[in-house]
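# Analysis of the macromolecular model
Next come the chains, spelled out residue by residue.
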Amino acid sequence: MKHIKKNTDTSDTSAKLIDRSEHRVSAESLWPHLTWRFKHSTSGKRIISIGWQFPLPDGTLSTDSQHRLLLRSFQEVFWGLINNTGYYGKPLSIGSIPRIGVGIKELFRWMVFRGYRSFFDLDSSVQQRYLSELPILLANPVEFYSTPALSMSLVEDVIEEAISDEEITATKTATAENSKSDPDDRINDDDNLPYSRVEIRINTFNYIYSQLNTLNEQGIPAIQAPPFDGLKTSKVVNQVTSFTIRRIPPLPDEVATPLLTEAIKRICHKGEDIVRLQTQFIEFRSKYDLSNFNSDELYSGLNAIIENFEFSIIPGERRPWREKIVSVKVDTPEMGPSELVATQVLRHEVMRTVAACVIVIQYMSGLRISEVCSTKAGINSITKLPSCIDIELTKSGLMEVFKLKAKLSKGVPTPVDEKWVIGARPVGSSHLPLTVIALKLLDKLLSPWRTLAHSTDMIVGFTNRRGLPRFRDSVSEVSSYQLLREIKNFIYYEVDLSKLPDRNARGEDLSMYRDTKGYCIKTHQGRKTFSAYVLETRSSHLRAVSEHFKHLTLTTTENAYFSHTSKYTSERENIIYSETVSYMVSIITGLRITGKMAEVVDKYFSEAGFKEIDDMAELERKVEKLVYMHDLRIFFSDHGKCFIRCMPLESRCHEVSGGASWHKVSPNFSNRSPGLCSGCRCFGTDSSHLPYWEARAKEMSEVLKKAKAAGRDTEYRVIKLRAEQSIKIVKSIKTSLIG
């Protein structure tokens, strides 16, 4: 693909930079430090930092000498933002640093990848290129850059952005207040996360332009005109989000199943243990004057209660579901390594139980997190269930329907009372839906803390940082940020995703869930997963889902949860199509593939004129049209990519099972294997598959070596062939990277 950019010599500018080697940026950091640290005065003096050294797509580091000017440019912009220079109006808060850092790192990486050396290169055409590539980049950054060495850094960025998402939700930062965004221009609530992620990156251009005078005074190249032709940020962001429809996907089955399994175990079996332990803790503590909390007798008594508590045995298992509580060392993405004493461990168990309840409610009813937060506490004296639940008979009189009463905030000027169906049972049955069990547990578990705070809310939050609350001001109205944080921690600690492959048989990307230990999961994915399950079961339920979600129109539900932009009704199929488009665009723009399919693909795109297109948006539209028109889905796997839709008659996995056919356009997963695929004309590999084939070559070679040492190498002919095949593919991929 042709690439046009300004040939700007920045060596002289770099030499004129003001010496800041002794400049102090905070009480904790000097300018030359690789990480700048700041105390956040509104978060218990928590340290918030921005790191300036990170890997880049070309294999260098951001701090290497060739990037000196670009690094300094971003540092000057950041420094100006938090010190009220430029036109931004007032300094951005320390709490907004994670958000700013995400955008800076993204643009820095992209500029190096595309060969741009300074802000002067970021003219209108380059800004449009960034906009057109941003959706692809956000959908799968690892594949966009096609650099295995960068993968771990990208995973860390996902975790960092997940944490900053929580910060954004928790407080309305100065970033939001000063942004050119208009809340009325935002796309619907079901796209909030994509909006936020795009907005962070678009605002980076506004930040750079706001420091125009400061940069010019120092002779540093700058953006000389308002970014994106002066459009408001909200307008620019909406262009990107509406162009790609890269909405939050439902969870893949391989992720949703273990998540819900652990959450259900918690509410059905483990939760009552936590209620009992918490009750014993509170009853013992109530005997003491909490205003004088330095009693050794009190501390030792509380620790004894916690540490001696016997946890129950889940039916079907032989041992208690957890060991007795003691002090433990933990390491979370948010807080880093730390040691928790017994009372803190109890607090974590309480909050994980709350998280499990919320997960069950969201994933099994599709409620927004704001709707879950708005439920009220209390027990109905007749039904003995939480008073936020009504039981209504169906018209036939055969079923009892459970409805949750809560507040609807989306799409209305002020919150209004609404009801959502959360389960049903035959008349006369004593069965309780899991969502109702979760609400009962929430009511019981948080009852002492509601009493302490004189609150009627079903869910309350803890404002104290350690242990369980002692005073009224340590209990507050819960925020979606707090619930999001607890849900992430529940998944991180309780759900094992470590065995997930890079992709499943349907081509869904599982690697990010595995590598972040679920920290990339968003609360809105509960809503998406619920709707995907219902609509994939029966598409005629679309209107019912729309009414259940309280959408104003059927179109809202259809576009956000059941897209018909293609002839496929499954959100999962749409994801495969989107990833196919992204991958083909990557091939056209320089990603090298190997294997028997490589020559065919390269020849087609060259002859069809795709590589002559300079406009990224036009290129993606043309590729998208090609993929949808000819149904050219690619099937992704750890060991390679299957282009069977291009050449179904060449499929080896079907050939060995009775013959390939034009009708057999999906891989035969029962026969498919790395060895079989590697000799298939439908198969291709690229740099993202190098780790798999290196590991396979090493494993097969070690087995063969042991066999030879035992004098049995003739018995391992198949292993020898696999080793040779793997080594050959590794060499082929590495050669393509060099070439």
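Everything in this summary refers to the structure shown in the same document. All residue numbers refer to positions counted from 1 along the written sequence of the respective chain. Owing to the predicted nature of the model, reporting of local features is limited to residues with pLDDT of at least 70; listing and counting of side-chain atom pairs is limited to 80 or more, with chain, interface and lining totals taken over all residues. Heavy atoms from the whole structure form the basis of all side-chain values; hydrogens and water molecules are not counted.

### What to know about the sheet that holds strand 6 (residues 399-408)
With antiparallel pairing, 3 strands are arranged side by side in an open sheet as 5-6-7. The two strands at the open ends of the sheet, each matched to only one other strand, are strand 5 (389-393) and strand 7 (416-426). Each adjacent strand pair in this sheet contributes to an overall mean axis angle of 30 degrees, direction not counted. Of the strand pairs in this sheet, strand 5 and strand 6 are connected by 5 bridges, and their pairing is antiparallel. Pairing of Glu392 across the sheet is with Val401, part of strand 6. In this description, contact between two residues means that some pair of their heavy atoms is separated by no more than 4.5 Å. Fitting a line to C-alpha atoms yields each axis, with helices limited to the stretch in contact; the angle taken between N-to-C directions then spans 0 to 180 degrees. Think of it this way: any DSSP run of H or I at least four residues long counts as a helix, any run of E at least two long counts as a strand, and we number them from the N terminus. Of the strands in this sheet, strand 5, strand 6 and strand 7 are in contact with helix 15 (residues 434-445), which crosses strand 7 at around 120 degrees. Strand pairing is assigned whenever DSSP identifies at least 2 bridges connecting the two strands.

### A short note on the sheet that holds strand 11 (residues 641-642)
Read across the open sheet, the 3 strands follow the order 10-11-12; overall the sheet is antiparallel. Unpaired on one side and paired on the other, strand 10 (635-636) and strand 12 (683-684) mark the two borders of the sheet. Note that strand 11 and strand 12 share 2 bridges and pair antiparallel. By the bridge assignment, Cys642 is partnered in strand 12 with Phe683.

### Side note on the pattern of salt bridges
Should a side-chain nitrogen of Lys or Arg be within 4 Å of a carboxyl oxygen of Asp or Glu, the pair is scored as a salt bridge. Tallied over the entire structure, the rule returns 31 salt bridges. Across the pair Arg201 and Glu106 runs a salt bridge, and its minimum N-O distance is 2.8 Å. Residue Arg201 is found in helix 8 (residues 192-210), and its partner Glu106 is found in helix 3 (residues 97-114); the two are separated by 95 residues along the sequence. Glu106 carries the same exposure label as Arg201, and that label is buried. Among the charged side chains, a network of salt bridges with common partners joins Arg266, Arg322, Glu349, Arg352 and Glu494. Relative accessible area decides the class of each residue, using a 1.4 Å probe on protein chains only: under 20% of the type maximum gives buried, over 50% gives exposed, and in between gives partly exposed.

### Let's talk about the pairing of strand 6
The side chains of a regular strand alternate between the sheet's two faces. With antiparallel pairing between neighbouring strands as the criterion, strand 5 and strand 6 make up a hairpin whose turn holds 5 residues, including Gly397 at a positive phi of roughly 75 degrees. Here strand 6 pairs with strand 7 via 10 bridges, running antiparallel. The residue of strand 7 that forms the bridge with Lys405 is Lys419.

### Regarding the environment of Val25
Mapping Val25 onto the fold places it in the loop between helix 1 (11-15) and strand 1 (35-40). By relative accessible area, Val25 is classed as buried at 7%. Put simply, Val25 and Arg37 are 12 residues apart on the chain and 8.5 Å apart in space, counted from C-alpha to C-alpha. Contacts of Val25, omitting those with residues within four sequence positions, involve Leu30, Trp31, Trp36, Phe38 and Trp79.

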